[in-house]
Amino acid sequence: MRSRLHVVWLAGLLWVALIGLRLYQLQVVNHLRYVHKAHQQQQRVVKLDPPRGTIYDAAGRELAVSVEVDSAYAVPAEIGDRAATARAIAAACPGLDARHLEKLLAEEREFVWVARKLDPPVAAALRRLRLAGIHFVQESKRYYPMRDLASQVLGYVGTDNHGLAGLELNYDAVITGKPGLRTVLRDARRGTAVSPDLFFTEPRPGGDLYLTLDAAVQHMVERELQRAVEQRRARRGSAVFLDPATGAVLAMASYPAFDPNEFERYAASSWRNRTIMDAYEPGSTFKIVTAAAALESGLVHADDPFDCGMGSIVLYGITIRDHKRFGIMSFADVIAKSSNVGVIRAALIIGGERLHRTIVAFGFGRATGIDLPGENAGILHPLERWGPLTKAYVAFGQGVAVTPLQLAAAVAAVANGGSLLQPYVVDAVRRGEVLERRHPRPLVASRPISAATAEEVKRLLERVVTDGTGKTAAVAGYRVAGKTGTAQIPVPGGYARHAYLPSFVGFAPADRPSLVGIVAVEAPQGTEYYGTQVAAPVFGTLVREVMLYLGVRPQRQAPSVWPGEVVTAGLRDGGPAAPGPPLAGAVVPAVAVATGATGPTGTVPAAVNRSAASSAAAGPAAITAVAKAAAGPAAAGPAGASPAGSRGAAVTAAADDDDDAASEDAPELWHSQPAAPPRPSSRAWCTPTIRSTAAWARSCCPASPSATTSATASCRSPT
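Parameters and conventions
Residues numbered from 1 in each chain as written. Predicted model: local features only at pLDDT ≥ 70, side-chain atom pairs only at ≥ 80, totals over all residues. Heavy atoms only, no water. Core = buried A, V, L, I, M, F, W, Y, C linked by side-chain atoms within 4.5 Å. Buried < 20%, exposed > 50% of the residue type's maximum accessible area, 1.4 Å probe, protein only. Helix = DSSP H or I, 4+ residues; strand = E, 2+ residues; numbered from the N terminus. Contact = heavy atoms within 4.5 Å. Patch = residues over 30% accessible without salt bridge, like charges linked within 9 Å, V, L, I, M, F, W, Y side chains within 5 Å. Areas by Shrake-Rupley, 256 points an atom, 1.4 Å probe, with all protein chains shown as cover. Salt bridge = Lys/Arg side-chain N within 4 Å of Asp/Glu carboxyl O. Axes fitted to C-alpha atoms, helices over the stretch in contact; angles between N-to-C directions. Parallel < 35°, antiparallel > 145°, perpendicular 65-115°, else oblique. Left-handed = near helix turned anticlockwise from the far one by under 90°. Nonpolar A, V, L, I, M, F, W, Y, C, P; charged D, E, K, R; others polar. 1 Å grid on protein atoms, 1.4 Å probe; cavity = no way out; pocket = protein on both sides within 12 Å on 5 of 7 lines; lining within 4 Å. Points joined across faces, edges and corners; volume = space filled by probe spheres on them. Expected span 1.5 Å × (residues − 1). Pairing = 2+ DSSP bridges. Phe/Tyr/Trp six-rings, centres within 6.5 Å; stacked < 30°, edge-to-face > 60°. Lys NZ or Arg CZ within 6 Å of the ring centre and 35° of its normal.

**Q** Looking at this model, I keep getting lost on the nonpolar core. Mind explaining?
**A** Generally speaking, a soluble globular protein has its nonpolar side chains buried in company with each other. Counting residues in each nonpolar core, the largest one holds 102 residues, and the members touching the most others are L211 and F331. With 10 residues, the top contributor of residues to this core is helix α16 (residues 404–415). With residues up to four places along the chain from it excluded, the contact list for L211 reads I55, Y56, D57, A58, L63, L154, L167, V425, V426 and D427. Ranked by size, the runner-up nonpolar core spans 33 residues in total, among them L250, A253, V480 and V519.

**Q** I would appreciate a short explanation of a nonpolar patch on the surface in the present structure.
**A** A cluster of nonpolar side chains, L14, W15, V16, L18, I19, L21, L23, Y24, V28 and V29, forms an exposed patch at the surface whose accessible area comes to about 1000 Å². By relative accessible area, L14 is classed as exposed at 51%.

**Q** Is there a simple way to explain the packing of helix α11 (residues 287–297) against helix α17 (residues 451–467) in this structure?
**A** Between two packed helices, the angle of one axis relative to the other and the distance separating the axes together describe the packing. Between α11 and α17, the shortest axis-to-axis distance is 10 Å and the interhelical angle comes to 135 degrees. As judged from the angle between their axes, α11 and α17 are oblique. The handedness of the crossing between α11 and α17 comes out as right-handed. In this structure, α11 contributes I288, A291, A292, L295 and E296 to the contact, and α17 contributes T453, E456, V457, L460 and L461. Split by residue class, the contact of α11 with α17 holds seven nonpolar, one polar and two charged.

**Q** Before we go on, may I ask you to explain empty space enclosed by the protein in this structure?
**A** Where empty space is left becomes clear once a probe the size of a water molecule has been rolled over the atoms. Scanning the model with the defined rule gives two cavities of 30 Å³ or more in all. Those elements giving two or more residues to the lining of the largest cavity turn out to be α16 and β16 (420–421). When residues in the lining of the largest cavity are grouped by element, the largest group, three residues, is from α16. Looking at the lining of the largest cavity, its residues break down into seven nonpolar, three polar and one charged.

**Q** Teacher, can you tell me more about α17 here?
**A** Because an α-helix packs 3.6 residues into every turn, residues spaced three or four apart end up facing the same way. For α17, spanning 17 residues, the distance from its first C-alpha to its last is 24 Å, which sits close to the expected 24 Å at 1.5 Å a residue. Among the 17 residues of α17, 12 are classified as buried, and the element is accordingly described as predominantly covered. Turning to α17, its buried residues are T453, A454, V457, K458, L460, L461, E462, R463, V464, V465, T466 and D467.

**Q** Even after reading the chapter, I still don't get the layout of surface pockets, so can you show me in this structure?
**A** Estimates place the volume of the second largest pocket at around 910 Å³. Looking at the second largest pocket, it is lined by 28 residues, and the ones nearest its centre are R116, K117, K141, N261 and E264. Per-element accounting of the lining of the second largest pocket gives the leading share, three residues, to strand β5 (residues 134–143). Among the residues making up the lining of the second largest pocket, the classes are represented as 16 nonpolar, four polar and eight charged.

**Q** Even after reading the chapter, I still don't get the sheet that holds strand β11 (residues 249–255), so can you show me in this structure?
**A** Consider a sheet: its strands pair through backbone hydrogen bonds, and that pairing is either parallel or antiparallel. Spatially, β11-β10-β22-β21-β20 is the arrangement adopted by the five strands of the open sheet, whose pairing is antiparallel. A strand with exactly one partner marks an edge of an open sheet, and here the two such strands are β11 and β20 (481–491). Direction aside, neighbouring strands of the sheet carry axes that sit 10 degrees apart on average. Strand direction decides the pairing type here: strand β10 (residues 236–242) and β11, joined by six bridges, are antiparallel. For L242, the partnering residue across the bridge sits in β11 and is V249. Seen against the sheet, helix α18 (residues 531–550) touches β10, β20, β21 (494–508) and β22 (515–522) and runs at an angle of roughly 25 degrees to β21.

**Q** Would you mind showing me how to read the packing of aromatic side chains here?
**A** The full count for this structure, using the stated rule, is 14 aromatic pairs. Each ring, one from Y156 and one from F263, has its centre 4.0 Å from the other, and the planes form 20 degrees; the classification is stacked. Of this pair, Y156 sits in the loop between α6 (151–154) and α7 (166–170) while F263 sits in the loop between β11 and α10 (274–277), placing them 107 residues apart in sequence. Each member of the pair, Y156 as well as F263, carries the same accessibility label: buried. With centroids separated by 4.8 Å and ring planes inclined at 35 degrees, the aromatic side chains of Y529 and Y530 adopt a geometry described as tilted. Relative accessible area serves as the criterion here: at 19%, Y529 is assigned to the buried category. Taken together, the aromatic side chains of Y156, F258, F263, Y266 and W271 make up a single cluster linked through ring pairs. A cation over a ring is seen here: R116 above W113, with NZ or CZ 4.6 Å from the ring centre. The residue whose ring lies beneath R127 is F136, and the NZ or CZ to ring-centre distance is 4.3 Å.

Next comes the structure, spelled out in structure tokens:
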């Protein structure tokens, strides 16, 4: 009996020992393992997006901010009628599909996102439904208070709060911040609880960006660019404005634009920052680079005479034509009148190697290095791949592709005295209390030309506005310099016959530049598609507005500053040719003088008499001023010499060039034409085929005024 009792006690002790050992194993040895498994079953950690840093413009205005909004999630086990719940949610939240929601709510999961980052009115409507199993948690959402302003520069973010384009993408690591964590508990009855007492870490906001963009300047540029594109029924437009002394971008616009608050509703093409992503053949605006290379070489000077071949030149059996029949004129006039033949002859003088070296030094063929993603390097073939005609085509802007930003940066190098600066958009980054300047001093990429050459090119470009193809960019009170261009748009197999890209690039004031910019409009419709008709007036309007906004005071200028013209206080939208009385900034050709005014030779040109009636609207004071300009001495400038060099009276030049605004550097679509049969000799006679003797003499023999006296006058074509 006692032995049995001992066996029972021994078995009991052994059982207790085994239980204790098992408990020790569960609660001590494997404690952490089972705690972890319990946490996996009972807890879910929700990652909360941190507030992204704020993006400010140059004046401290908020361009991109982060706001706290509600996100809705579901616990499927707490929902009874899932189909009815899905329909109710879809009715309160536009864009959600009830069938898709029902499938999500039917999943065997503890946590399902229903709708994230809801707008406050939508979140309030969903809360009022008081649906079982639907809970809310706060998250950070990106918001752009100025909507589509600078949208391609700022970019946008996705639902996961990471940047997908623009500055939001390029500075994502700086702006993003550190996420927060929220713990959600699940009990034995599959219920959930979200309480402040549970584990929780606050999200840490990211760094703030301070841009060089000025929202006011950006708005002016976008408004005028949109107006130009819509009025001309063009495909799109681009514009960039820089500070030539630092490389800071003051405005960067592409139209059409989009609202980054709801970017998914817009076509993907509107997301592109075309000022840095799209490369195009610049056309005649590239003659600035050719002129700089020619003058820097020392082989060409501004007053050197160039034979423009009466509008054509033959190279290797190919005829390249001008938009007008120019004869012999100075290199300054070649640039002012935008002669293709003239710049080709300059390129032939300096050679392809020197031209290519200058183009590279101006930054073409490589990215500028701006702090924005997706920049296009453009196209510039190596010198060894240049064919016999390449330097001729490149001289007037064909066979090379550039971005608007590249061209603006190159012209800024001319404006600032010869230093190519790296453009930038972000001026400073603030992390907490620490402010880091990203560009404490300008970054000089290269020095393509000397300061002396830069000053000479400035003078040439100012002549373009005062006496050449860029007259529609003139602004009363400000000396404007720049260059027009009207390039063909390449298509597979050649160039489009009726699609052009007019542009204007320039700076102001010409004597102390504080603003450099480019305006380009792609494929305008109608009969007006030249740079002087489409882009130059937009540039002039923006110069006037931005200069006043920046506090650059206009100068009091005498009519002598504008060779062949008088500047009034008015400018109509349509430019100088617009009917009606002029408004602020109008440019009235000097040929519009009262009958009886005399020119330098004591006679009145026919064009002056014909246009006398049109000057009446300008008033007696304007007529008097124009008459003085037509008389000759006022056009001579401070030094007493005509700004046109050795030309005759300014009024004669104005009469001859009266149609520049309507036929500036025309698209270079004629270069593929085979050469005409050779002339019998270099002294071939020019056949008078035009009935009007004066018209024939001006078109056939511009260098021979005496030829107007007779229709049978012997006019030799220049060689």
